[in-house]
Amino acid sequence: MFIDNGLSDIFRPEQVLTDQSSLEKYGQDWSQVGAPNPLAIVFPESTEQVQSLVKLANKAPFSLVPSGGRTGLSGGAMATNQEVVVSFERMNKVLDFNKVDRQVHCQAGVITQQLQTLAADNQLFYPVDFASSGSSHIGGNIATNAGGIKVVRYGLTRNWVAGLTVVTGSGEILDLNHGLVKNATGYDLRHLFIGSEGTLGFITEATMQLTNPPKNLSVMVLGISDVASIMKTFQALKKNIEPTALELFSSDSVKIVCEHKGIPRPFDTEAPYYLLIEFENDSEATESLVLETFERCSNEGWVLDGVMSQSEQQAKTLWRLREDISESISHYSPYKNDLAVKVSKIPVFLERLDQLVEEHYPKFQVLWYGHIGDGNLHLNILKPADMEHDVFVEACNKVNPLVFKLVKDLDGSISAEHGVGTLKRDYLAYSRSDSEIAYMQSLKAMFDPNGIMNPGKLFK
Ligand code: S2G
Ligand code: ZN
């Protein structure tokens with residue numbers, strides 16, 4: 001039975017949903033870890049309404065789970081314990097676009113692709129992009145510091161947040177940095193909320209920075225002969241071009257995507273690994289440099305074959321080999337690792353991970369793909385069709401300590417871009433020291449003294 005808890009004093013009836021299908025839809029994210037069990041879903045229309053809700057939640061009390069596009073993969077937007085889910089679907093307005101500052105001031109519920117299109121319509125570019133950009137919200141991208149496929153050239157969401165309006169867990173509205181390029185007036189609180197996964201308060205509005213679009217992009221896909229040749233080829237290319245994207249994917253990923261999506265293989269040669277390089281093909285000189293490098297890498301035996309896009313359409317089709325992996329493997333209910341090490345440590349990381357996977361995942365199909373240019377690898381273990389999901393997850397969890405120990409030994413991160421949520425919460429110590437975790441918990445207590453903000457995420 002739904003207890004109003006005072007929500008009707010803040011929201012109109014159509015802004016509060018309690019029907020079973022809405023509770024299920026809004027009470028989970030793409031991680032689907034645990035069963036959605038929220039108390040209600042509310043749809044605020046302003047920062048002030050979010051503030052009234054937070055004040056009420058501190059009094060009632062009840063917990064709050066922020067909900068954007070719900071494309072998260074670590075359980076950050078799951079509501080499994082009678083929390084009130086706060087969806088930003090109704091806060092989806094662009095509030096201002098300033099051509100001089102090249103900034104967009106928008107509400108948190110603006111879809112990432114909407115921002116990308118607004119930028120393009122004004123001959124500008126919003127450079128954070130990933131497969132889920134058609135449904136993810138800017139607010140959620142900021143709360144998880146989303147990365148994606150252009151990080152190697154443009155950095156993460158954090159680099160593009162010029163200002164934030166937040167409501168803290170104690171119900172205070174903070175207007176942070178006001179879009180300023182320079183502002184040396186103490187701690188930059190904006191950067192605490194970026195990547196906070198809704199545990200400190202709500203992001204209700206953002207001022208996003210835009211930039212000049214890249215020119216004349218070409219995409220090259222290379223078949224790579226073995227793990228050691230991946231970074232040798234990458235280094236050889238990096239000497240001559242500043243890629244806008246550098247992605248790795250394994251042979252099985254190509255097979256599954258081409259079969260699932262009915263798209264052509266990049267070339268006939270089968271290779272164990274593939275590198276996708278996107279770059280600004282802005283002159284004949286650049287093109288011939290790239291082709292010379294391709295020749296040299298082939299002569300070294302690092303590259304087995306390759307193709308360079310001759311049109312925008314062909315570039316898009318080559319990108320699908322990488323961008324369609326996630327969706328093409330979802331029916332295998334993959335066990336996802338999202339690991340990162342410094343780029344200089346990728347060779348030793350891949351080599352030692354390869355041995356570890358061989359030894360400990362023998363019967364499982366393992367897909368390697370990810371943003372190798374940022375040192376970020378998504379190691380996805382596919383569930384055998386005849387294996388119970390829980391048994392499979394259990395078997396994968398068992399290997400985590402070995403995988404995370406390897407990452408820790410290399411000063412890497414057990415969650416490069418998907419966040420901690422609940423899935424990586426118990427492994428935080430592999431990437432953060434006890435003192436760091438203690439400081440983070442003190443910050444959480446300061447911004448959210450009653451612990452109503454997204455409880456159980458990041459920390460127990
Ligand atoms: C990617 C998307 C989610 C996943 O493809 O880069 O971040 O791991 C991922 O499938
Ligand atoms: Zn990724």
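The preceding data block contains the structure.
Conventions and cut-offs
The residue numbering used here restarts from 1 in each chain and proceeds along that chain's sequence as written. The naming scheme follows written order: chains are lettered A onward, ligands numbered 1 onward. Where local features are concerned, this predicted model is filtered to residues with pLDDT of at least 70; where side-chain atom pairs are given and counted, the filter is 80 or more; whole-chain, interface and lining totals use all residues. The basis for every side-chain value is the complete set of non-hydrogen atoms in the structure, without hydrogens or water. Proximity is defined per residue: if any heavy atom of the residue lies within 4 Å of a molecule or strand, that residue is considered near it. Under this definition, polar contacts are N or O atom pairs within 3.5 Å; protein pairs additionally need one hydrogen-donor-capable and one acceptor-capable atom, and for neighbouring residues in sequence, both atoms have to be side-chain atoms. Each accessible area is a Shrake-Rupley estimate made with a 1.4 Å probe; only the visible protein chains count as cover when residues are assessed. Note that water is not among the atoms used; donors are N, O and S atoms within 2.8 Å of the metal (3.2 Å for Na, K and Ca), so sites may look incomplete. In this description a helix means any DSSP run of H or I spanning at least four residues, a strand means any run of E spanning at least two, and both kinds are numbered starting from the N terminus. Only protein chains enter the accessibility calculation, which uses a 1.4 Å probe; a residue is then buried when its area is under 20% of its type maximum, exposed when over 50%, and partly exposed in between. With axes taken as lines fitted to C-alpha atoms, and helix axes fitted only over the stretch in contact, angles between N-to-C directions fall between 0 and 180 degrees. Note that the term roughly parallel is reserved for angles under 35 degrees, roughly antiparallel for angles over 145, roughly perpendicular for angles of 65 to 115, and oblique for everything else. Helix crossings fall into two classes, left-handed where the near helix is turned counterclockwise from the far one by less than a right angle and right-handed where it is turned clockwise. Note on contacts: a residue pair qualifies if any of its non-hydrogen atoms lie within 4.5 Å across the two residues. Residues are grouped as follows: Ala, Val, Leu, Ile, Met, Phe, Trp, Tyr, Cys and Pro are nonpolar; Asp, Glu, Lys and Arg are charged; every other residue, Gly included, is polar.

### Some points on the site of ligand 1
Around ligand 1, a shell composed of Leu73, Arg322, Ser326, Lys336, Tyr369, His371, His378, Glu417 and His418 is seen. Within the side chain of Arg322, a nitrogen or oxygen atom sits 2.7 Å from an oxygen atom of ligand 1. Interatomic distance of 2.5 Å between a side-chain N/O atom of Ser326 and an oxygen atom of ligand 1. When ligand 1 is considered free in solution it has 290 Å² of accessible area, and contact with the protein chains removes 86% of it.

### Here we look at the coordination of the zinc ion (ligand 2)
Each donor-metal-donor angle in an ideal tetrahedron of four donors is 109.5 degrees, and each such angle in an ideal octahedron of six donors is either 90 or 180 degrees. Protein-derived coordination of the zinc ion (ligand 2) comes from His371 (NE2), His378 (NE2) and Glu417 (OE), at a distance range of 1.8 to 2.1 Å. Motif for the zinc ion (ligand 2), donor spacing along one chain: H-x6-H-x38-E. Of this pair, His371 sits in the loop between strand 15 (365–370) and strand 16 (376–382) while Glu417 sits in the loop between helix 13 (389–409) and helix 14 (434–447), and the two are 46 residues apart along the sequence. Across this residue pair, the class does not change: His371 and Glu417 are buried.

### Concerning the packing of helix 7 (residues 227–238) against helix 12 (residues 346–360)
Close contact between helix 7 and helix 12 brings their axes to 9 Å; oriented N to C, the two are set at 165°. For the element pair helix 7 / helix 12, the angle class is roughly antiparallel. Where helix 7 crosses over helix 12, the handedness of that crossing is right-handed. For the pair helix 7 and helix 12, contact is made by Val227, Ile230 and Met231 and by Ile346, Pro347, Leu350, Glu351 and Asp354, respectively. Split by residue class, the contact of helix 7 with helix 12 holds six nonpolar, no polar and two charged.

### So, the packing of helix 12 against helix 13
Relative to each other, helix 12 and helix 13 sit at 170°, their axes nearing to 11 Å. By the angle between their axes, helix 12 is roughly antiparallel relative to helix 13. Between helix 12, through Phe349, Arg352, Leu353, Leu356 and His360, and helix 13, the contact on the second element is made entirely by Val399, Leu402, Val403, Leu406, Val407 and Asp409.

By themselves these figures say nothing about function.
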